[in-house]
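# Observations on the three-dimensional arrangement
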Amino acid sequence: EVGKAFKLVVFQNKLGKTLYFAGTTTDKAYYLATTEDFNEAVDVYLEAVDGVEGGYRLYFYVGETKTYIRAYERTPGEAGKGSGSLELVTTAPTEYYTYDETLKTLVVTSADGLNKYYIGSYGTNTSIGGSNTSYVTAENLGVSQFPANLAVLELKQIGPVVKAPAVGEAFKLVVFQNKL
């Protein structure tokens, strides 16, 4: 949903961790830094690309500065062999994301159309990078390849509060997780 605040999240199953985009890059500028703390994660937004049906850019704010998460082809190659990267830029990139139904994530197509790149993680990495979709198969999706998702935390009261909690009094908190 355009304009709605999301968290960019990777379920790093190989490490048993949930990683959120922390709003910066790592010491290798083409990887995004992550945090395991939902509250430390930055809000990320979708922006529709004018004239491109289903085309989006991802952005967040550094202070009041709109900052885009640009995915691009760092090293061109034949189909399935190019290398992708990410960078943070303050002007709208020419590249844009589209939704990939198979991977259930956003991807960027190279200018020559030979390669597609997803944002996510792989192996035992704890950063978020741009990786060629050719590395993802039905067998390794969620096992060693971890495409990022946009997530929202919604809290809903599902029943009446029987008694207001009081200081020093024990109570039970129940959480139902309906979607991942």
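Our structure is the block above this text.
Summarised in this report is the structure supplied together with it. (Residues numbered from 1 in each chain as written. Predicted model: local features only at pLDDT ≥ 70, side-chain atom pairs only at ≥ 80, totals over all residues. Heavy atoms only, no water.)

### Digging into the pattern of salt bridges
By the definition in use, this model includes 7 salt bridges. A salt bridge links Asp43 to Lys7; the shortest N-O distance between them is 2.8 Å. Placement of Asp43 in the loop between strand E3 (32-35) and strand E4 (45-48) and of Lys7 in strand E1 (residues 7-12) is noted, with a sequence separation of 36 residues between them. Residue Asp43 is classed as partly exposed on the basis of its relative accessible area of 33%. Among the ionic pairs, Lys66 bridges to Glu47, the shortest N-O distance being 2.6 Å. Of the two residues, Lys66 sits in strand E6 (residues 65-75) while Glu47 sits in strand E4, which places them 19 residues apart along the sequence. (Salt bridge = Lys/Arg side-chain N within 4 Å of Asp/Glu carboxyl O. Helix = DSSP H or I, 4+ residues; strand = E, 2+ residues; numbered from the N terminus. Buried < 20%, exposed > 50% of the residue type's maximum accessible area, 1.4 Å probe, protein only.)

### Considering the sheet that holds strand E2 (residues 17-25)
Read across the sheet, 4 strands follow the order E3-E2-E1-E13 without closing on themselves; strand pairing throughout is antiparallel. For this open sheet the edge positions go to E3 and strand E13 (149-151), each flanked by a neighbour on one side alone. Ignoring which end each strand starts from, the neighbouring axes of this sheet average 50 degrees apart. Summarising the sheet, E1 and E13 pair through 3 bridges and their orientation is antiparallel. Looking at the pairing, Leu8 lines up with Leu150 of E13. (Pairing = 2+ DSSP bridges. Axes fitted to C-alpha atoms, helices over the stretch in contact; angles between N-to-C directions.)

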